[in-house]
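# Coordinate analysis (summary)
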Amino acid sequence: MSINSKNKELKERTQAALQGGGEKAVEKQKASGKLTARERIIALLDKDSFHEYDLFIQHSGRDFDMDKKILPGDGVVTGTGTISGHPVCIYAQDFTVSGGSLGYMHAKKICKIMDHAMAMRTPIIGINDSGGARIQEGVNALAGYGEIFYRNTMASGVIPQISVILGPCAGGAVYSPALTDFVFVVDKISNMFITGPDVIKSVLGEEISKEDLGGAKVHAQISGNAHFYAESEQECFKQIQDLFTYIPWNNTKKADPFEAKKPNSKDYKINNIFPSDPAQPYDVRNIIKGLTDASEFLEIQELFAPNIVIGFGRIEGETVGFVANNPGAMAGVLDCDSSDKAARFIRFCDAFNIPLVTLVDLPGYLPGINQEHAGVIRHGAKILYAYSEATVPKITVILRKAYGGGYIAMCSSHLKADFVFAWPTAEIAVMGPEGAANIIFRKEIKESDNPEKVRKEKIDEYREKFANPYVAASYGYVDSVIQPNETRKYIEHALQMTQNKKQDTPFKKHGLPPF
Ligand code: HXC
């Protein structure tokens, strides 16, 4: 055979494999508003950067007439490419080939590219669009999932892992995304659940649609399983590209520095945003934007537990992870969900060398039977654990309320914040003046001729004495009381001072965080 005919054969074989599940299946995919696996990869990566591998992999199923079937690429496309010039490894399940179901060789392909990502210390991106374990392959399909979960766990904290849900992701398959760092979902395209509506109906008699059970909105807003929500696949890819500008490519690196820019002081002037009435709510996102370069802020889990805000911004070109109570939602309390949300983010920042800036304004942990029974003790402890074990630079600014356990939990000096600043409006105390006065002066108030008047006096007395930053500052728990408009300057300097921070931790195999 001449080289020309060999080349021709390669072309024909490649062409056939690239057809995926064939014209009809591709048409069905498009009709449901979805791109194909390769189109998705190409849309996400830098132009012309995608290199595909294992195109000629064959499935190994032999039962139920599977030996007579050809499944091009075994239903998953894998390869490498770049995003903003940085290498990434990627796989995308191809729903047009046997519903993207996961058989032994399909899983082997995914594991191979994950191993490559780990060896080369590049991020791994998985695009999920699959009917789950390939039923005809039995335990081999389950084994495949197990191998993926193991690799997700080993890669955790070493390389960033991104899951993109662009179709069904059901049964045990959901646990790979759940083990990764960021999960992206798209409205009316993503579905995630352990058991689908049919099983729920037959076991529990409950009826629910796929969308209401595990659609994009549900995971972005209610379950908290998703970190980014988009209206379209294109918007989702843009979100991933944005995220990659803020995070490093592995745990030995820092995120790429950008050109430093000043915040947009016209729209986000802190003195104009922060209310003078201490009881008035405000949106802490605007304070964050008053601090970041060009007032840019990439918010994570925007729709879930909005009483805490997390995300990335830059200060003097350096990526910073923000954790901020949001008085605009439930007064910014810590509860089960907001503690989970913040703790996981703090751990991501710590694993990937991203300094943490914490903005504090909260009345404490949320009281209530629901919260107690839902395990607010266990969930709330996660945030304490995450801040305490984090060794990246930790800078805390107390804006207003810092009461009780909330004061301690929000990266106080006791959890080894490197710098704690407080605005003159800060109120650092065991609890708010109203609650405190009612408890410690209960007898005096009750026995007085004018209880209301005495209550008010006692509240004022308590506020005067404790609801300020100066008591904490007198013990050195606050390093500096600063003007709000000096905050960025102080954070800039703190980041400069902590850039060579080195903190040793005691030897242990691993800790036991309360999860
Ligand atoms: C084998 C599968 C498959 C699967 C889909 N297909 N899921 N083949 N194993 N799990 C095939 C279909 O037979 C069909 O093949 C093609 O993919 C397209 O599927 P359709 O049903 O025509 O597509 P659609 O109508 O869009 O429905 C999509 C779907 C449905 C909702 C995902 O296919 C479905 O319910 N699949 C089964 C889901 C499931 O129960 N999976 C197992 C979960 S348990 P042809 O040849 O007709 O094109 C699990 C355990 C993992 O995953 C545990 C890990 C720890």
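Notes on the structure in this doc start here. Everything numeric in this text was worked out from a predicted model, so none of it was measured.

### A look at the overall build of the chain
Counting its secondary structure elements, the chain contains 21 helices and 17 strands. For 515 residues, the compact-globule estimate of 2.2 N^0.38 gives 24 Å, and the chain sits close to it at 26 Å. For the C-alpha atoms alone, the extent of the chain along its principal axes is close to 105 × 55 × 45 Å. The buried share of the chain, taken over its 515 residues, is 51%. Of the contacts made within the chain by residues no fewer than 6 positions apart, 72% connect residues no fewer than 24 positions apart. Accessible surface, the chain: about 24500 Å² in total, of which carbon and sulfur atoms supply 55%. Charge-centre separation for the chain: the mean point of 58 positive side chains lies 3 Å from the mean point of 62 negative side chains.

### Points about the nonpolar core
Of all hydrophobic cores here, the largest spans 66 residues; its most connected members are Phe312, Val323 and Ile398. If you look at the next biggest cluster of nonpolar residues, it comprises 27 residues, including Leu102, Tyr145, Ile148 and Val183.

### Section: the sheet that holds strand S9 (residues 228-230)
An order of S1-S2-S3-S4-S5-S7-S9 is seen for the seven strands of this open sheet, with the pairing classed as mixed. A strand with exactly one partner marks an edge of an open sheet, and here the two such strands are strand S1 (51-53) and S9. Neighbouring strand axes in the sheet, compared pairwise and without regard to direction, differ in orientation by 20° on average. Note that strand S3 (residues 86-93) and strand S4 (residues 124-128) share four bridges and pair parallel. Pairing of cysteine 89 across the sheet is with isoleucine 124, part of S4.

### Comments concerning unusual backbone geometry
Positive phi values are uncommon outside glycine, yet aspartate 48 reaches one of about 60°. What makes aspartate 48 exposed here is its relative accessible area of 70%. The phi torsion at alanine 294 lies on the positive side, around 55°, for a residue other than glycine. Structurally, alanine 294 can be placed in the loop between helix H12 (284-289) and strand S10 (298-300). What makes alanine 294 partly exposed here is its relative accessible area of 29%.

### With respect to the layout of surface pockets
If you add up the space inside the largest pocket, you get close to 1700 Å³. It is helix H13 (residues 336-351) that contributes the most residues to the lining of the largest pocket, nine residues altogether. Here the residues of the lining of the largest pocket are counted per class, giving 21 nonpolar, 16 polar and eleven charged.

### Focus: the site of the ligand
Lining the immediate surroundings of the ligand are 17 residues, of which Lys28, Gly99, Gly131, Ala133 and Ile135 lie closest. Within the side chain of lysine 28, a nitrogen or oxygen atom sits 3.1 Å from an oxygen atom of the ligand. At 3.1 Å from a nitrogen atom of the ligand is found a main-chain nitrogen or oxygen belonging to isoleucine 135. Expressed as a share of its isolated accessible area of 1000 Å², the protein-covered part of the ligand is 52%. Counting only elements with at least two residues in the shell around the ligand, the list comes to helix H5 (139-155) and strand S6 (168-170). In terms of residue count, H5 provides more of the shell around the ligand than any other element does, three residues in total.

### Let's talk about the packing of aromatic side chains
On inspection of all chains with the given rule, the structure shows 16 aromatic pairs. When the ring centre of phenylalanine 95 is taken as origin, the NZ or CZ atom of lysine 34, which lies over that ring, is 4.5 Å away. Directly above the ring of phenylalanine 258 sits arginine 314, whose terminal nitrogen or CZ lies 3.7 Å from the centroid.

### Considering the environment of histidine 373
In this fold, histidine 373 is placed in helix H14 (residues 369-374). A relative accessible area of 70% places histidine 373 in the exposed class. Counting along the chain gives 58 residues from histidine 373 to isoleucine 315, while the straight-line C-alpha distance between them is 40 Å.

### What about the environment of tyrosine 490?
Position of tyrosine 490 relative to the elements: it lies in helix H21 (residues 487-497). With 36 residues separating them along the chain, tyrosine 490 and valine 454 place their C-alpha atoms 41 Å apart. In contact with tyrosine 490, not counting residues within four places along its chain, are Phe421, Ser480 and Ile482.

### Here we look at the packing of helix H4 (residues 104-120) against H5
Each pair of packed helices can be described by the angle between their axes along with the distance between the axes. The contact between H4 and H5 brings their axes to 8 Å, and the two run at 10°. Overall, the two elements H4 and H5 adopt an arrangement that is roughly parallel. The hand of the H4/H5 crossing is left-handed. Here Tyr104, Ala107, Ile110, Cys111, Met114, Asp115 and Met118 of H4 lie close against H5, whose contacting residues are Asn140, Gly144, Glu147, Ile148, Arg151, Asn152, Met154 and Ala155.

### Re the pattern of salt bridges
If you walk through the whole model with that rule in mind, you get 38 salt bridges. Between glutamate 12 and lysine 8 there is a salt bridge whose closest N-O contact spans 3.1 Å. Highlighted residues: glutamate 12 and lysine 8, both in helix H1 (residues 3-18), separated by four residues, approximately one helical turn. A residue is classified by how much of its surface remains accessible, and glutamate 12, at 46% relative accessible area, is partly exposed. The exposed category is assigned to lysine 8, whose relative accessible area is 52%. The partner of glutamate 434 in a salt bridge is arginine 463, and the shortest N-O contact between them spans 3.3 Å.

### Observations concerning helix H3 (residues 37-44)
Of the residues making up H3, those classed as buried are Ala37, Arg38, Arg40, Ile41 and Leu44. Down the axis of H3, the buried side of the element spans an arc of 160°, and every buried residue falls inside it.

### Some points on empty space enclosed by the protein
The tally for this structure, following the rule as stated, stands at five cavities of 30 Å³ or more. Put simply, the largest cavity is a space of about 80 Å³. Every residue lining the largest cavity is listed: Tyr91, Gln93, Leu102, Ile110, Asn128, Ser130, Tyr145, Ile148, Cys169, Ala173 and Ser176. Looking at the lining of the largest cavity, the elements that each hand over two or more residues are S3 and H5. A per-class count over the lining of the largest cavity returns seven nonpolar, four polar and no charged.

Procedures and definitions
Residues numbered from 1 in each chain as written. Predicted model: local features only at pLDDT ≥ 70, side-chain atom pairs only at ≥ 80, totals over all residues. Heavy atoms only, no water. Helix = DSSP H or I, 4+ residues; strand = E, 2+ residues; numbered from the N terminus. Rg over C-alpha atoms; globule rule 2.2 N^0.38 Å. Buried < 20%, exposed > 50% of the residue type's maximum accessible area, 1.4 Å probe, protein only. Contact = heavy atoms within 4.5 Å. Areas by Shrake-Rupley, 256 points an atom, 1.4 Å probe, with all protein chains shown as cover. Lys, Arg positive; Asp, Glu negative; His and termini not counted. Charge placed at Lys NZ, Arg CZ, Asp CG, Glu CD. Core = buried A, V, L, I, M, F, W, Y, C linked by side-chain atoms within 4.5 Å. Pairing = 2+ DSSP bridges. Axes fitted to C-alpha atoms, helices over the stretch in contact; angles between N-to-C directions. 1 Å grid on protein atoms, 1.4 Å probe; cavity = no way out; pocket = protein on both sides within 12 Å on 5 of 7 lines; lining within 4 Å. Points joined across faces, edges and corners; volume = space filled by probe spheres on them. Nonpolar A, V, L, I, M, F, W, Y, C, P; charged D, E, K, R; others polar. Near = heavy atom within 4 Å. Polar contact = N/O pair within 3.5 Å; in protein donor to acceptor, adjacent residues only side chain to side chain. Phe/Tyr/Trp six-rings, centres within 6.5 Å; stacked < 30°, edge-to-face > 60°. Lys NZ or Arg CZ within 6 Å of the ring centre and 35° of its normal. Parallel < 35°, antiparallel > 145°, perpendicular 65-115°, else oblique. Left-handed = near helix turned anticlockwise from the far one by under 90°. Salt bridge = Lys/Arg side-chain N within 4 Å of Asp/Glu carboxyl O. Arc of directions from axis to C-beta.

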